[in-house]
Amino acid sequence: MAESLTDDELVTIVDSYKRKKLNPTSSKTADDRDLRVYVNRSVSMERIKYIGFDMDYTLVEYKSPEYEMLCFDMVVKRLISIGYPPEIAGLKYDPTFPLRGLFFDKQYGNLLKADQFGNILSCFHGFKSLTSAEIRRQYPNKYVQPTDERRIHILYTLFQLPEIYLLAALVDFFENKNRGYTRIEQSPDTHGGVQCGDVLITYQMIWWDVRTSVDWLHVYGDVKEKTVKNLERYVVKDPRLPLCIHKLRSSGMKTFIATNSDYRYTQKIMTHLFDYPEGPDGGPHRRWREYFDHVIVDAKKPRFFEEGSMLREVDEDTASLKLGVFTGALKPGQVYSGGSSGAFCKYTGAKGKEILYVGDHIFGDVIKAKKEQAWRTFLVLPELKKEVKVWESTQSLFLRLQNLAYILAEVYGSGSGPTDGGVKLPDMNSLRRALKVTSQEMEDSYPSRLGSLLRCGSRLTHFAIMANRFADLYSSSCVNLMRYPSNYLFTAPHQLVCRASCLRVHIFSKCPI
């Protein structure tokens, strides 16, 4: 019995497990850290009865940068059609610039990388990186209020990468590449922008035009039509996906899809992803619908996790909605439109913590599912593959950051003179400069010009903190679940009051979870 084990016996057992995990031939889950599932809060898969999936950027991985380039070019055409200069047709998407999780300041036209409190970590105006002095001229406290929706718009999703680049490109275009426009001065109470004669274009107007054009593209444009006509070019077909869903269902879990996409698009994309000659168990070919107990399209997330919308049945032959509101128990194999998370729980009998929902949208999928319904959550972070690889190659820089920060704290707190034990201590100003230089070196190591999605030096970003707070699990892909037993207990590290560095520990721990 575990109760009778001594402390020494417990230590011996733990050391045995650690040695086994450190042996690369003994456990597949100890390899490929970018393919692991990481844990913020413990999740027992034995207690999960339903596992739900978003579709776009979760079950479906779009090829980058091909898909972003397609969306970018189509949004540019839309902007030209509503009056923007035809010259912007020459703008070309650069995948090395955008990074999700940024704030767009509608007042100053800046892209900001900030921490959880709104402290500014880095700032770009157009494609220009602002110095610390330039940032302080606009933000005296190097701070913005993240919840100020009138001024700050947070770009959370992978769908918004073209939008992020276009915002920077348009600011750069009007201020530096179009001689007819001049930049107007900003003040704390007025919105900045550009002016040509009597025509004023504020940064807020540019943001609004881009935002509504992106929405128009996905609702009324033909980006979906172009995607399904060239699936090989824009969609990654992962043979592990059917195996993953099959394994989950074989363990007794029920699976469902809740996507904002319409049925026609969902049908074509999912048919492509699950189109294999044989089933995952070696049997005959299976239709994609046979992998899921329930399918909900046009879910209208995040509204789905709040008051929701009318739940209606979908006619699969015509893709039209059937008459009336559906109020009975959800039928296996039936496709539904709309509804709400509350209705899903009511009609399936599942309780909040018996449902694990997997999605890529930190706000629309993860935060709302957690806050409104207490569902267990799994955040898909495709960027994690690159983040882990860069982190592993910059361990020496991070160690240097830690040492510099420690020495700085000691210099502040000690009452000793300029020397300690015969070693001359650097002054505080030089330590601060060294911290900034080392942090920038780490940022420059990442593929994006804006650095890491999760950190700036040793400080975690707003996106990283939101992921830590609301995502129980996270990984680079949902199919990584198949690497673990169906009854696996994902165990979070024990914490002592302070949680500030837990995401760093989870992602970059030397020992596999």
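Everything numeric here is computed off the predicted structure, so don't read it as measured data. (Residues numbered from 1 in each chain as written. Predicted model: local features only at pLDDT ≥ 70, side-chain atom pairs only at ≥ 80, totals over all residues. Heavy atoms only, no water.)

### Side note on the overall build of the chain
Rules: Only DSSP runs of H or I covering at least 4 residues are called helices, and only runs of E covering at least 2 are called strands; the numbering of each starts at the N terminus. Each residue is placed in one exposure class: buried if its accessible area under a 1.4 Å probe, protein chains only, is under 20% of its type's maximum, exposed if it is over 50%, and partly exposed if it falls in between. A contact between two residues is defined here by any heavy atoms of the two lying within 4.5 Å. Every accessible area reported is derived by Shrake-Rupley at a probe size of 1.4 Å, with residue values counting cover from the shown protein chains alone.
A tally of regular secondary structure across the chain gives 16 helices and 25 strands. Residues counted as buried form 52% of the 513 residues belonging to the chain. Intrachain contacts of the chain at a sequence separation of at least 6 include 73% that bridge at least 24 residues. Total accessible area on the chain stands at roughly 24,700 Å², and carbon and sulfur atoms take up 53% of it.

### Re the state of the cysteines
Note the following rule: Here, two cysteine sulfur atoms that lie within 2.5 Å of each other are counted as a disulfide.
Per the counting criterion, the structure on display carries 0 disulfides. Note on Cys 244: no disulfide assigned, nearest cysteine sulfur contributed by Cys 478 at a separation of 5.8 Å.

### Observations regarding the packing of helix H11 (residues 362-373) against helix H15 (residues 462-470)
Relative orientation and spacing of two packed helices are given, respectively, by the angle between their axes and the distance between those axes. Here is the rule we go by: Each axis is a line fitted through C-alpha atoms, taken for helices only over the stretch in contact, and angles between the N-to-C directions span 0 to 180 degrees. For a crossing to be left-handed, the near helix must be turned anticlockwise from the far one by less than a right angle; the clockwise case is right-handed. Residue polarity is assigned by list, with Asp, Glu, Lys and Arg as charged and Ala, Val, Leu, Ile, Met, Phe, Trp, Tyr, Cys and Pro as nonpolar; anything else, Gly included, falls into the polar class.
Across the interface, H11 lies against H15 with an axial gap of 10 Å and an inter-helix angle of 35°. In terms of crossing hand, the pair formed by H11 and H15 is left-handed. Contacts between H11 and H15 pair Ile 362, Val 366, Ile 367, Lys 370 and Lys 371 from the former with Phe 463, Met 466, Ala 467 and Phe 470 from the latter. Looking at the contact of H11 with H15, its residues break down into 7 nonpolar, no polar and 2 charged.

### Section: unusual backbone geometry
Along the chain, Ser 64 connects to Pro 65 via a cis peptide bond; the corresponding omega equals 10°. Topologically, Pro 65 is positioned in the loop between strand E4 (61-62) and helix H2 (66-81). Look at the link from Lys 301 to Pro 302: it is a cis peptide, with omega at 5°. Relative to the helices and strands, Pro 302 resides in the loop between strand E15 (294-297) and strand E16 (312-313). For Lys 142, which is not a glycine, the phi torsion comes out positive at approximately 50°. Mapping Lys 142 onto the fold places it in the loop between helix H3 (132-138) and strand E9 (152-155).

### Let's talk about the packing of aromatic side chains
Which entries qualify depends on this criterion: Pairing of aromatic rings covers Phe, Tyr and Trp, the last counted by its six-membered ring, and requires centre-to-centre distances within 6.5 Å; plane angles under 30 degrees mean stacked, over 60 mean edge-to-face, and any other angle means tilted. As a reminder, the over-ring test applies to NZ of lysine and CZ of arginine, requiring each to be within 6 Å of the ring centre and within 35 degrees of the ring normal.
What the rule picks out here adds up to 40 aromatic pairs. Between the aromatic rings of Phe 256 and Tyr 357, the centroid separation amounts to 6.4 Å while the plane-to-plane angle is 25°, which identifies the pairing as stacked. Of the two residues, Phe 256 is situated in strand E14 (residues 254-258) and Tyr 357 in strand E18 (residues 355-359); the sequence distance between them amounts to 101 residues. Taking the relative accessible area as the measure of exposure, Tyr 357 reaches 1% and is therefore buried. Ring geometry for Phe 256 and Trp 375: centres 6.1 Å apart, planes at 80°, overall edge-to-face. Of this pair, Phe 256 sits in strand E14 while Trp 375 sits in the loop between H11 and strand E19 (376-380), and the two are 119 residues apart along the sequence. The structure contains a cluster of three or more aromatic residues connected by ring pairs, namely Tyr 50, Phe 256, Phe 304, Phe 305, Phe 344, Tyr 357 and Trp 375. The cationic tip of Arg 289 hangs over the ring face of Trp 288; the distance from NZ or CZ to the ring centre is 5.8 Å.

### What to know about H2
Here is the rule: For a helix, the expected span equals 1.5 Å multiplied by the number of residues minus one.
In a regular helix each residue adds 1.5 Å, so 16 residues correspond to 22 Å; H2 covers 23 Å between its end C-alpha atoms and thus fits that length. All buried positions along H2 are accounted for by Tyr 67, Glu 68, Leu 70, Cys 71, Phe 72, Met 74, Val 75, Val 76 and Leu 79. Of the residues one or two after H2, Gly 83 is the one with positive phi, at around 120°.

### Topic: the confidence of the model for the chain
To keep things clear, this is the line we draw: In predicted models, pLDDT denotes the confidence assigned by the predictor to each residue on a 0 to 100 scale.
Per-chain confidence: the chain averages 89 in pLDDT, with 88% of residues scoring 70 or above. Here residues 24-31 scores under 50 on pLDDT; set against residues more than four positions off or in separate chains, the count is 12 contacts. Under a pLDDT of 50 for its full length, residues 498-513 has, in the predicted model, 51 contacts with residues more than four places off or in other chains.

### Brief notes about the pairing of strand E3 (residues 50-53)
Operational definition: Two strands form a pair only when DSSP identifies at least two bridges running between them.
The alternating pattern of E3 places Tyr 50 and Gly 52 on one face and Ile 51 and Phe 53 on the opposite face, and all of these are buried. In this sheet, E14 lies alongside E3 in parallel orientation, the contact comprising 4 bridges. Within the sheet, the bridge partner assigned to Ile 51 lies in E14 and is Thr 255. Relative to E18, E3 runs parallel, the two sharing 4 bridges. When the sheet's bridge partners are listed, Ile 51 is paired in E18 with Leu 356.

### Some points on the nonpolar core
Taken as a class, soluble globular proteins show a tendency for nonpolar side chains to be buried jointly. Applied cut-off: Here the nonpolar core consists of buried residues drawn from Ala, Val, Leu, Ile, Met, Phe, Trp, Tyr and Cys, with membership extended through side-chain atoms lying within 4.5 Å.
Counting 121 residues, the largest nonpolar core has Leu 170 and Phe 292 as the members making the most contacts within it. If you tally residues by element for this core, the top one is helix H4 (residues 161-177), at 11 residues. Judged by nonpolar contacts, the second largest core, of 20 residues, contains Ala 258, Ala 299, Phe 304 and Ala 369.

### Thoughts on the UniProt feature "active site" (unreviewed entry) in the chain
The test is simple: UniProt positions are given in the numbering used here, feature names are shortened, and annotations may be inferred rather than shown by experiment. Distance and chemistry together define a polar contact, namely a pair of N or O atoms within 3.5 Å, with one atom able to donate a hydrogen and the other to accept it when in protein, and with adjacent residues in sequence counting only for side-chain atoms on both sides.
As annotated by UniProt and renumbered to match this structure, "active site" (unreviewed entry) occupies Asp 54 and Asp 56. Mapping Asp 54 onto the fold places it in the loop between E3 and E4. Note on Asp 54: relative accessible area 6%, which makes it buried. Within the structure, the side chain of Asp 54 is placed 2.9 Å from the side chain of Lys 301, a separation counted as a polar contact.

### Re the pattern of salt bridges
Put simply, the rule is: Salt-bridge detection follows one rule: a side-chain nitrogen of Lys or Arg within 4 Å of a carboxyl oxygen of Asp or Glu.
Summed over all chains, the structure comprises 27 salt bridges. The partner of Glu 134 in a salt bridge is Lys 128, and the shortest N-O contact between them spans 2.9 Å. One salt bridge in this structure joins Lys 370 and Asp 472, with 2.7 Å as the shortest N-O distance. One end of the pair, Lys 370, is in helix H11; the other, Asp 472, is in the loop between H15 and strand E24 (473-475), with 102 residues separating them in the sequence.

### With respect to H4
End to end, H4 covers 22 Å across 17 residues, agreeing with the expected 24 Å (1.5 Å per residue, within 8%). Across the 17 residues that make up H4, a large majority, 15, are buried.

### Observations regarding the UniProt feature "binding site: Mg(2+)" (unreviewed entry) in the chain
Residues annotated by UniProt as "binding site: Mg(2+)" (unreviewed entry) correspond here to Asp 54 and Asp 360. Taking the farthest pair of C-alpha atoms as the criterion, the annotated set spanning 307 residues converges on one region, since that pair is 7.6 Å apart. The contact partners of Asp 54, leaving out residues within four places of it in the chain, are Leu 59, Ala 258, Thr 259, Lys 301, Tyr 357, Val 358, Gly 359, Asp 360 and Asp 365. For Asp 360, the position within the fold is in the loop between E18 and H11. If sequence neighbours within four positions are ignored, Asp 360 has contacts with Asp 54, Asp 56, Tyr 57, Thr 58, Arg 100, Leu 158, Asp 365, Leu 379 and Val 380.

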